[in-house]
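Tertiary structure, described
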Amino acid sequence: MDITIRNEKVEDFNQVENVTREAFWNLYVPGCNEHYLVHIMRDHPDFIKKLDFVAEYNGEIIGNIMYTRAWLYSEDGVQMEIASFGPISVLPKYQRKGVGGALIHHTIDIAKNDGINIIVIFGDPHNYCKHGFKSSKDFNISDLNGEYPYGMLALELKEGSVKGHNWKYKYSPVLEINETDAEEYDKKFEHKEKGYTPSQEIFSIAVRSYLK
């Protein structure tokens, strides 16, 4: 696909939120809240505007990626500011065509040039390991509880930058969504039926395994 990747503009906001909603609707839970996250993320101090990009095809926005600041804390008190992306969204009819991968690789090159040492995300390893991500455990990066969730992944941009330490990962508080506010915000969009999909059961099993 011949797509154009560019920074998001203010006039894109509504369209990007619609793309995000379409991409995540009924994927992990009935409905979704990722479009609300996109809405509140832009005004949060942890938002990295320089890494906010959309993908266009024939003049239509079909995908987007957004980044926030995040942090690693070592066992001896070292703090390292890093980055995390998500949501990354592609309209369903354009998924599995390389759009998401193009957005990832475009932005990680910029992040690397800006001195970001490592990117940590939560996602399906099947989707991200093909882009160079590995289990965070390979880099001795756990969550704040000292656990290594299955979907916690990392991509080192500066080789050896986290070597020799045990790290704990802290994501931006903007990701801690108020579900009531998200439900209210969703009322501004065209009505869509919430429903069950098999992917939700897979997600539920992963969450239950993590919480044990």
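A quick note: this is a predicted structure, and the numbers were derived from the prediction, not measured.

**Quick notes on unusual backbone geometry**
Omega for the peptide link from Gly-86 to Pro-87 comes to 5 degrees, which places this bond in the cis form. Looking at where Pro-87 falls in the secondary structure, it is placed in strand β4 (residues 79-90). You will see that Arg-96, though not glycine, has its phi angle at about 65 degrees, which is positive. Along the chain, Arg-96 falls in the loop between β4 and α3 (99-113). The exposed category is assigned to Arg-96, whose relative accessible area is 70%.

**Section: the side chain of Asp-186**
Secondary-structure assignment places Asp-186 in helix α5 (residues 179-186). Classification of Asp-186 as buried rests on a relative accessible area of 13%. Among the polar contacts listed, one links the side chain of Asp-186 to the side chain of Arg-21, at a separation of 2.7 Å. Excluding residues within four positions of it along the chain, Asp-186 makes contact with Arg-21, Trp-25 and His-35.

**Details of the layout of surface pockets**
Estimated volume of the second largest pocket: approximately 160 Å³. Forming the walls of the second largest pocket are Ile-48, Lys-50, Arg-69, Glu-81, Ile-82, Asp-114, Gly-115, Ile-116 and Asn-117. A per-class count over the lining of the second largest pocket returns three nonpolar, two polar and four charged.

**Some points on the packing of aromatic side chains**
Aromatic rings in a pair are described by how distant their centres are and how their planes are angled relative to each other. Per the stated rule, a full pass over the model turns up 10 aromatic pairs. When the ring of Tyr-36 is compared with that of Tyr-185, the centres are 5.7 Å apart and the planes differ by 55 degrees; the resulting orientation is tilted. Of this pair, Tyr-36 sits in helix α2 (residues 34-41) while Tyr-185 sits in helix α5; the two residues are 149 residues apart in sequence, bridging distant segments of the chain. We classify Tyr-36 as buried; its relative accessible area is 11%. Among the residues examined, Tyr-185 registers a relative accessible area of 10% and is labelled buried. Centre to centre, the rings of Phe-122 and Tyr-169 are 6.1 Å apart; their planes meet at 50 degrees, and the pair counts as tilted. With Phe-122 in strand β5 (residues 118-122) and Tyr-169 in strand β9 (residues 167-170), this residue pair connects regions lying 47 residues apart in the sequence. According to the relative accessible area criterion, Phe-122 is partly exposed, its value standing at 44%. The exposure class assigned to Tyr-169 is buried, which follows from its relative accessible area of 3%.

**What about the UniProt feature "domain: N-acetyltransferase" (unreviewed entry) in the protein?**
With numbering aligned to this structure, UniProt lists the feature "domain: N-acetyltransferase" (unreviewed entry) at residues 3-155. End C-alpha to end C-alpha, residues 3-155 measures 24 Å, and it is 25% helix and 32% strand.

**A short note on α5**
Residues of α5 that are buried: Ala-182, Tyr-185 and Asp-186. Down the axis of α5, the buried set is contained in an arc of 100 degrees. They therefore lie on one face. The secondary structure elements touched by the buried residues of α5 are α1 (13-24) and α2. Structurally, the start of α5 carries an N-cap: the backbone nitrogen of Thr-180 is 3.0 Å from a side-chain oxygen of Asn-178.

**A word on the pattern of salt bridges**
Enumeration over the complete set of coordinates arrives at 10 salt bridges. Of the charged contacts in the structure, one is a salt bridge between Arg-6 and Asp-12, with a shortest N-O distance of 2.8 Å. What makes Arg-6 buried here is its relative accessible area of 17%. Its relative accessible area of 6% is what places Asp-12 among the buried residues. In this structure, the salt-bridge partner of Glu-8 is Arg-42, at a minimum N-O distance of 2.9 Å. You can see Glu-8 sitting in the loop between β1 (4-7) and α1 and its partner Arg-42 sitting in the loop between α2 and β2 (53-57), a full 34 residues away along the chain. For Glu-8, a relative accessible area of 9% puts it in the buried group.

**Some words on the packing of α1 against α2**
Here α1 crosses α2 at 150 degrees, and the two axes come no closer than 7 Å. Judged by the inter-axis angle, α1 sits roughly antiparallel to α2. Read as a crossing pair, α1 and α2 show a hand that is right-handed. Along the contact surface, α1 presents Val-16, Glu-17, Thr-20, Arg-21 and Phe-24, while α2 presents Glu-34, His-35, Val-38 and His-39. Within the contact of α1 with α2, the residues separate by chemical class into three nonpolar, three polar and three charged.

Thresholds, definitions, all that
Residues numbered from 1 in each chain as written. Predicted model: local features only at pLDDT ≥ 70, side-chain atom pairs only at ≥ 80, totals over all residues. Heavy atoms only, no water. Helix = DSSP H or I, 4+ residues; strand = E, 2+ residues; numbered from the N terminus. Buried < 20%, exposed > 50% of the residue type's maximum accessible area, 1.4 Å probe, protein only. Polar contact = N/O pair within 3.5 Å; in protein donor to acceptor, adjacent residues only side chain to side chain. Contact = heavy atoms within 4.5 Å. 1 Å grid on protein atoms, 1.4 Å probe; cavity = no way out; pocket = protein on both sides within 12 Å on 5 of 7 lines; lining within 4 Å. Points joined across faces, edges and corners; volume = space filled by probe spheres on them. Nonpolar A, V, L, I, M, F, W, Y, C, P; charged D, E, K, R; others polar. Phe/Tyr/Trp six-rings, centres within 6.5 Å; stacked < 30°, edge-to-face > 60°. UniProt positions renumbered as here; feature names shortened; annotations may be inferred. Arc of directions from axis to C-beta. Salt bridge = Lys/Arg side-chain N within 4 Å of Asp/Glu carboxyl O. Axes fitted to C-alpha atoms, helices over the stretch in contact; angles between N-to-C directions. Parallel < 35°, antiparallel > 145°, perpendicular 65-115°, else oblique. Left-handed = near helix turned anticlockwise from the far one by under 90°.

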